[in-house]
Amino acid sequence: MKNILLIQTGGTIAMSAKGDGVELDPVAWSKTLKERAPQLGELAEIHTFPLFFEDSSDLNHTHWIRLAECIHNYYEEYDGFVILHGTDTMAFTASALSFSLKNLAKPVIFTGSQVPLASIRSDARRNLINSIEMATKDLREVAICFNDHVYRGNRATKLSIGDFDAFGSPNFDPLAVIGLEIKSHYMNPPVSGRFEIQTGFSNELVVLTVFPSLNTDFLMKMDISKLRAIIVRSFGSGNIPTKGDFNLLPFMKRCREQGVILSVISQADHDAVKLSTYPAGRAVLKAGAISCGDMTLEASLTKMMWLLHQYEDKATIETAFTKNLAGELTP
Ligand code: ASP
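Here the residue numbering is sequential within each chain, running from 1 through the sequence in written order. The predicted origin of the model limits local features to residues at a pLDDT of at least 70 and limits the giving and counting of side-chain atom pairs to 80 or more, whereas totals for whole chains, interfaces and linings rest on all residues. Hydrogens are left out, water is left out, and the side-chain values use all remaining heavy atoms of the structure.

Formed by 53 residues in total, the largest nonpolar core has its most connected members in Ile71 and Phe110. Contacts: residue pairs with any heavy atoms within 4.5 Å of one another. Ignoring sequence-local partners within four residues, the contact set of Phe110 consists of Leu67, Ile83, His85, Met90, Thr93, Ala94, Leu97, Val142, Ala143, Ile144 and Cys145. Only buried residues count toward a nonpolar core, which is a set of Ala, Val, Leu, Ile, Met, Phe, Trp, Tyr and Cys residues joined through side-chain atoms within 4.5 Å. When a residue's accessible area, from a 1.4 Å probe over protein chains only, is under 20% of the maximum for its type it is buried; when over 50% it is exposed; and in between it is partly exposed. Membership of the second largest hydrophobic core comes to 26 residues, among which are Trp29, Ile132, Leu175 and Ala176.

The end-to-end C-alpha distance of helix α8 (residues 297–310), which contains 14 residues, comes to 20 Å, matching closely the 20 Å that a straight helix rising 1.5 Å per residue would cover. In terms of residue burial, α8 counts as a mostly covered element, since 11 of its 14 residues are buried. Only DSSP runs of H or I covering at least 4 residues are called helices, and only runs of E covering at least 2 are called strands; the numbering of each starts at the N terminus. A helix's residues, less one, multiplied by 1.5 Å, set its expected span.

Time to look at the site of the ligand. With respect to spatial proximity, the complete set of residues near the ligand consists of Gly11, Thr12, Asp55, Ser56, Gly86, Thr87, Asp88, Ser113 and Gln114. Computed with the Shrake-Rupley method and a 1.4 Å probe, the accessible areas treat only the protein chains shown as cover for residues. When the ligand is considered free in solution it has 270 Å² of accessible area, and contact with the protein chains removes 90% of it. Three classes are used, and their members are as follows: Ala, Val, Leu, Ile, Met, Phe, Trp, Tyr, Cys and Pro are nonpolar, Asp, Glu, Lys and Arg are charged, and the others, Gly among them, are polar. Here the shell around the ligand is built from residues that sort into no nonpolar, seven polar and two charged. We define proximity as follows: a residue is near a molecule or strand when any one of its heavy atoms falls within 4 Å of that partner.

Across the sheet, which stays open at both edges, the eight strands sit in the order β4-β1-β5-β7-β8-β9-β12-β13 with mixed pairing between neighbours. The open sheet has two edge strands with one neighbour each: β4 (45–54) and β13 (182–184). Across this sheet, the average inter-strand angle for adjacent strands is 20 degrees, counted without regard to direction. Pairing between strands is defined by DSSP: at least two bridges between the two strands are required. When strand β5 (residues 80–84) meets strand β7 (residues 108–111), the two strands line up parallel, connected through four bridges. The residue of β7 that forms the bridge with Val82 is Ile109. Along the sheet face, helix α2 (residues 61–74) touches β1 (3–10), β4, β5 and β7 and points at about 160 degrees away from the line of β4. With axes taken as lines fitted to C-alpha atoms, and helix axes fitted only over the stretch in contact, angles between N-to-C directions fall between 0 and 180 degrees.

Counting buried positions over the six residues of strand β17 (residues 261–266) gives six, a clear majority of the element. On the question of chirality, the crossover connecting strand β16 (residues 229–234) to the parallel β17 by way of helix α6 (residues 249–257) is right-handed. Think of it like this: strands point away, you trace from the first strand over the helix to the second, and a clockwise trace means the crossover is right-handed. In terms of handedness, the path from β17 via helix α7 (residues 279–286) over to strand β18 (residues 290–291) forms a crossover that is right-handed.

Take the environment of Tyr74 next. Along the polypeptide, Tyr74 turns up in helix α2. Overall, the relative accessible area of 24% leaves Tyr74 in the partly exposed class. Expressed as a C-alpha distance, the spacing of Tyr74 and Glu318, which sit 244 residues apart in the sequence, is 34 Å. Excluding its chain neighbours within four sequence positions, the residues that come into contact with Tyr74 are Leu5, Phe49 and Phe81.

The next subject is the packing of helix α3 (residues 90–100) against α8. Where α3 contacts α8, the two axes come as close as 8 Å, and the packing angle between them is 45 degrees. Taken together, α3 and α8 sit at an angle that is classed as oblique. Crossing handedness for the pair α3 and α8: right-handed. Judged by residue contacts, Ala91, Phe92, Ser95, Ala96, Phe99 and Ser100 of α3 engage Glu298, Ala299, Leu301, Thr302, Lys303 and Trp306 from α8. Its residues assigned to classes, the contact of α3 with α8 shows seven nonpolar, three polar and two charged. To sort the angles, those under 35 degrees are grouped as roughly parallel, those over 145 as roughly antiparallel, those from 65 to 115 as roughly perpendicular, and the leftovers as oblique. By definition, turning the near helix anticlockwise from the far helix through less than a right angle yields a left-handed crossing, and turning it clockwise yields a right-handed one.

Shown next, in the form of structure tokens:
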């Protein structure tokens, strides 16, 4: 039997009903796991590790580092890792780990649920069983397993608040679809060295969502002296307002003069940014911005945070950002 480490970090899966809503209750959770999913041991030899216990909206890069360190510490002892995590920021954590875990040759599967495991009509049991099963396979990457689908972690995004089918992977086919049989479509990348972790993330960046009538006065007065990068959530293929009072180009110029990296992503989930299509996009390109290509916001943001920590030099960061580092970007 394979050895699997089940790392607990909190999230709805571990919550209990409270009034109209749900909340984390560590005492109730330790009983729930044993009572509601007693047959998990038929799939693998499972050891549980309570790393932290949070709603995932309270997680940040320090938690990502603790997770990477936990996997590193137990890497040799286990064949695979399942991480129970809240759905709200699961795609951020999975993306962050995909950049931190180098030469990964074992499955690291994130899962959670929309309804707590403790509730009778819950999606948790199925997600948990599927994830443990996937963690026994020869899958060598960070993935999210949810509602009978396995997605590459840095390609997935939370799409639904109320549906059991909470995640999607707009620009990359699922790694596997689980039905009567498990239909796998993954091709493991070659692993060329020893497993190691490269942790560290900088939060000297912001995400700017562009919208019609965005007040450029606010932006021009913004203190950008400590800022190193902006992810600009543009329209369509990478367009921004370029006329009159709403022209964003002077702000972009100001950022470039101060050495701030500008990286353009689209508000549309599907397909890739293409700055050369429209005059507005070409102006953005001329202003010195780079493209997020077809990356998700979660992958773009965590990749930039990771690169800002790894390197000082702006050109080095920009070059690395536009390359495919962990399967997050279609070259
Ligand atoms: N707020 C919860 C969390 O992300 C939502 C969930 O797990 O579905 O922790």
